[in-house]
Structures are given as C-alpha cells and as structure tokens.
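Residues per chain, in single letters:
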Amino acid sequence: MDLRGRSFLKESDFTPAEWLGLIDLAAQLKAETAAGQEPQRLTGKSIALIFEKTSTRTRCAFEVAAFQQGAHTTYLDPSSSQIGHKESVADTARVLGRFYDGIEFRGDLQTHVEELAEHSGVPVFNGLTDSWHPTQMLADALTIREHTGKPFNQVVHAYLGDGRFNTGRSLLVSSAMLGMDVRIVAPPAYQPDAEAVQIAQSFAAQTGARITITDDVEAGVAGADVISTDVWVSMGEPKSVWNSRVEDLRDYQVNTRVMELTGNPDAIFMHCLPAFHDLETAVGRQVFEATGMHALEVTDEVFSSRQSVVFDQAENRMHTIKAVMVAMLT
Ligand code: CP
C-alpha cells in the first residue's frame, strides 16, 4: 500500500484494500506504542490543525499522534485565524501549503476540505464535515476487529438513530467497504440519502457486503454483533430541533431491550462520543427539563455496561489517525 502524498477526504477515495491497509497499519502502530518501541516516522514534519468546530477526541488524537511520531502541530480555531472571515479557503490553502507538510480540517462543508486539498499541494485530512467522518470510521473498524474477533465479512453491524449525517453515512460506506452485513435502522425521514446508499452498494458489489435500510428496530438488530449510535442533534443544527428530534427518534434509543433483541449476549455497543447518556451535561439537563428523558440516544445502563466499548473506540482514534498521517506523509 502506497498512499504517500494522498489526501484523506472521504472513505470512497480509497479501495477496500487500501482501507483495510490503513486499519492494519493502525494495529501495527498501536502495538509499537504499547511495546514502547515506536520509531518516529514524522520527525521534522509540521501539521496544521484547522478546527471550525469544537472537538475533544479528534484534536487530541492528531496532537498526541503527531507528538509521538516526532511531528509538530499548530492548532487554528475559528477565532484565531483568518479562514472564512477575511481569507478564502483557497488562499488559506495556498499559504498553509508553503508552511506545512499536512493540514487537518474540521468544518461544515465537504467542499472546503476538498478545496484545501486542491490548492495546498500537501495531504489534507478530513477531521469531520457535514458529509463524512472518515477518521472515525477507521477507529470504529479497528475496535470492531479487536472486540468481535471476527473477520469483517462475518460482522453484523446495526446503526440506530439519525442516519442522514456524517457518522451514519460514513458508517454505511465504511462497513460496505469492509464487507459487513450493515443495517441502518432509522425512521424513513432519518435514513441516508441516495448518494450514500449508492456508494455503499457499489462497494458491496465488490466486497459481498449486505446492506439493509429499515425502520424496523427488531428486524434491524436481530443477530447483530455491533450496535452503534450517535447524537440525535448534529453539530451545527439549531437547538430548536431538539424537541421534535426526541419525539422522532425515541423508539430508536439504544437500551437494554435493544441489546437483548440482538439475541447475541456478546454484542458490543459503540458510540463515537460525546454521548447523552445521563444528566451530567448542560445539554442533557436542558433536554430532560423539556422532555423528561434521562438519556437520549443511549441509556446509561447500556453505556456503562460490560458490552460498551466506547472508550476503547475513543483510544483508537489516536492510533488510526496516526496511521493516516504516517501513510500519507512518509
Ligand atoms: N467523535 C469525535 O469526532 O469526537 P470529537 O468531536 O470530540 O472530536
């Protein structure tokens, strides 16, 4: 696998073999870190981290992975750079490409991350747009392999909730690239768009993946090895949508009944985080006051259960982001 000089913009820019190769590389790098024998492959490299939106995992994963590999990072938040306000994305790309060996971008528009890649002349890494969340998908895949112990083409992966945004769309495509039996379980209005389904179907024709889009929770989760979900209101959506969203998706909450409906006592629970599973957040309390729900997309019982692997999944953000930088910058 030679991905040197390539950008990491969305899953479908890669072949299934390349996607698998990145997961394998992440596993190798994770083992090196655990053994305390990590060659520094990014010494002397500089990487710009542009975050137009908030982040805990993605930012920290890029910073720690770069540090462990000997690279330097610069963090640019929306208020401390000119991007978008006084300078176009294309001009920003032309400037940063003179200083940096790679650029990470998190923001609303996929066109912006694509423009950065087009004009900077250096590899660009998508840290989340409204359309795709590809670094998350590598972490999810590594976690699934570690915890199910199954080859990807024997894994049944069901995603419950809002399937229209970056995580649901990316999960559908990545799972298809890996040959899984992937089910998006959501009300009709919350199912993925035709473009995402078509991309997934075209990968499924190569990998043997099975794709189901359904609003039937019982059928959708039967036999699942993995149950995934995400927040019900995505970054950038107005607060005013919370009440209607809770009404629309309350039947798709991951709770003990859903985990039991899998019929698989070893089924794992995954969530890219952050999660609204209790009242320990300001948003969680506001929604509780408006709706009376103590938890939203997942109950605390499931989130805190032995089946939950969410913190291993979060750790794997770092190992997989490291793999992306190593593969594309060396
Ligand atoms: N899952 C994820 O992208 O986390 P952050 O928003 O904290 O980066």
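The structure we're discussing is the one just above.
Reference entry: report on the structure contained in this document. These figures come from a predicted structure and were not determined experimentally.

So, on to the packing of aromatic side chains. Following the criterion strictly, the structure yields eight aromatic pairs and no others. Between the aromatic rings of Phe8 and Phe14, the centroid separation amounts to 5.5 Å while the plane-to-plane angle is 45 degrees, which identifies the pairing as tilted. Residues Phe8 and Phe14 agree in their burial class; the two are buried. Where Phe8 meets Trp19, the ring centres are 5.8 Å apart and the plane angle is 5 degrees; that geometry is what we call stacked. Of this pair, Phe8 sits in the segment before helix H1 (16-35) while Trp19 is found in helix H1, placing the two residues 11 residues apart along the sequence. In terms of burial, Phe8 and Trp19 fall into one category: buried. Put simply, the rings of Phe8, Phe14 and Trp19 pair up and form one aromatic cluster.

Further remarks concern the pattern of salt bridges. According to the stated counting rule, one finds 20 salt bridges in the structure shown. Residue Arg6 pairs with Glu18 through a salt bridge whose shortest N-O separation is 3.3 Å. You can see Arg6 sitting in the segment before H1 and its partner Glu18 sitting in helix H1, a full 12 residues away along the chain. The partner of Asp91 in a salt bridge is Arg94, with the nearest N and O atoms 2.7 Å apart. Here Asp91 pairs with Arg94, and both are found in helix H3 (residues 89-99), just three residues apart, close to one helical turn.

On the basis of which strands lie adjacent, the open sheet formed by four strands has the order E2-E1-E3-E4 and parallel pairing. Single-partner strands in this sheet number two, and they are strand E2 (72-76) and strand E4 (124-126). Mean inter-strand twist for the sheet, computed between neighbouring axes without regard to direction, equals 20 degrees. Running over the sheet, H3 touches strand E1 (46-51), E2 and strand E3 (102-106) and is turned about 150 degrees from E1. Sheet strands touched by helix H4 (residues 110-120): E1, E3 and E4. Its angle to E4, the strand with the most contacts, is close to 170 degrees.

Within the structure, the ligand sits among Ser55, Thr56, Arg57, Thr58, Arg106, His133, Gln136, Cys272, Leu273 and Arg317. In the environment of the ligand, an oxygen atom lies 2.9 Å from a nitrogen or oxygen atom belonging to the side chain of His133. Here Leu273 contributes a backbone N or O atom positioned 3.0 Å from a nitrogen atom of the ligand. Isolated, the ligand exposes 250 Å² of accessible area, and the fraction of that covered by the protein chains is 95%. Here the residues of the shell around the ligand are counted per class, giving two nonpolar, five polar and three charged.

Time to look at the pairing of E2. Judged from the five bridges that link them, E1 and E2 form a sheet pairing that is parallel. Within the sheet, the bridge partner assigned to Ala48 lies in E2 and is Thr74. Running through helix H2 (residues 57-68), the crossover from E1 to the neighbouring parallel element E2 is right-handed.

Before going further, it helps to examine the side chain of Glu38. Of note, Glu38 is situated in the loop between H1 and E1. Within polar-contact distance, the side chain of Glu38 engages the side chain of Gln69 at 2.8 Å. Excluding residues that lie within four positions of it along the chain, Glu38 makes contacts with Glu32, Thr33, Gln68, Gln69 and Lys322.

The next subject is the pairing of strand E9 (residues 268-271). Residues Ile268 and Met270 of E9 are buried on one face, and the alternating residues Phe269 and His271, pointing to the opposite face, are buried as well. Bridge count for strand E8 (residues 226-229) against E9 is four bridges, and the pairing is parallel. Bridge pairing in E9 links Thr229 to His271.

Glancing now at the packing of helix H5 (residues 134-148) against helix H13 (residues 310-329). In the contact formed by H5 and H13, the axes pass within 8 Å of each other and the chain directions differ by 120 degrees. Judged by the inter-axis angle, H5 sits oblique to H13. Regarding H5 and H13, the two cross each other, and that crossing is right-handed. On the side of H5, the interface is formed by Thr135, Gln136, Leu138, Ala139, Asp140, Leu142, Thr143, Glu146 and His147, while H13 contributes Asp312, Gln313, Asn316, Arg317, Thr320, Ile321 and Val324. Grouping the constituent residues of the contact of H5 with H13 by class yields five nonpolar, seven polar and four charged.

Here we take up the sheet that holds strand E6 (residues 181-185). Spatially, E7-E6-E5-E8-E9 is the arrangement adopted by the five strands of the open sheet, whose pairing is parallel. Edge strands, defined here as strands with exactly one partner in the open sheet, are strand E7 (210-214) and E9. Across the sheet, the mean angle from the axis of one strand to that of its neighbour is 20 degrees, orientation sign disregarded. With respect to the sheet, H5 is in contact with strand E5 (156-160), E8 and E9, its orientation differing from that of E9 by roughly 165 degrees.

Let us now look at the side chain of Asn316. Within the fold, Asn316 resides in helix H13. Of note is the side chain of Asn316, whose polar atom sits 3.0 Å from the side chain of Thr143. With residues near it in sequence (within four places) discarded, Asn316 still touches Lys30, Ala139, Leu142, Thr143 and Glu146.

Each value, and the rule that gives it
Sequence positions are assigned chain by chain, starting from 1 and proceeding in written order. Since the coordinates come from a predicted model, pLDDT governs what is reported: local features require at least 70, and pairs of side-chain atoms require 80 or more to be given and counted, while whole-chain, interface and lining totals use all residues. Water and hydrogen atoms were dropped before computing side-chain values, which therefore reflect all heavy atoms in the structure. Note on aromatic pairs: the rings of Phe, Tyr and Trp (six-membered ring only in Trp) are paired at centre separations within 6.5 Å, and the planes decide the class, stacked below 30 degrees, edge-to-face beyond 60, tilted for the rest. Throughout this description, buried means an accessible area under 20% of the type-specific maximum (1.4 Å probe, protein chains only), exposed means over 50%, and partly exposed covers the range between. Helix numbering and strand numbering both begin at the N terminus, where a helix is a DSSP run of H or I of at least 4 residues and a strand a DSSP run of E of at least 2. Here, a salt bridge means any Lys or Arg side-chain nitrogen found within 4 Å of an Asp or Glu carboxyl oxygen. Paired strands, in this sense, are two strands between which DSSP finds at least two bridges. Note on geometry: axes are lines fitted to C-alpha atoms, helical ones only across the stretch in contact, with angles between N-to-C directions running from 0 to 180 degrees. It only takes one pair of heavy atoms within 4.5 Å for two residues to be counted as in contact. Residues are labelled near a given molecule or strand when at least one of their non-hydrogen atoms is within 4 Å of it. Any pair of nitrogen or oxygen atoms within 3.5 Å is treated as a polar contact; in protein, a donor-acceptor pairing is required on top of that, and neighbouring residues in sequence qualify only through side-chain atoms on both sides. Throughout, the Shrake-Rupley method with a 1.4 Å probe supplies accessible areas, and for residues the shown protein chains are the sole cover considered. Under the convention adopted here, Pro, Cys and the residues Ala, Val, Leu, Ile, Met, Phe, Trp and Tyr are nonpolar, Asp, Glu, Lys and Arg are charged, and Gly plus all remaining residues are polar. For a crossover, the right-handed case is the one in which the path from the first strand over the helix to the second runs clockwise, viewed with the strands pointing away from the viewer. In what follows, roughly perpendicular refers to angles from 65 to 115 degrees, roughly parallel to angles under 35, roughly antiparallel to angles over 145, and oblique to any angle outside these ranges. We call a crossing left-handed when the near helix sits turned anticlockwise from the far one by less than a right angle, and right-handed when that turn is clockwise.

The analysis is restricted to geometry; functional conclusions fall outside its scope.
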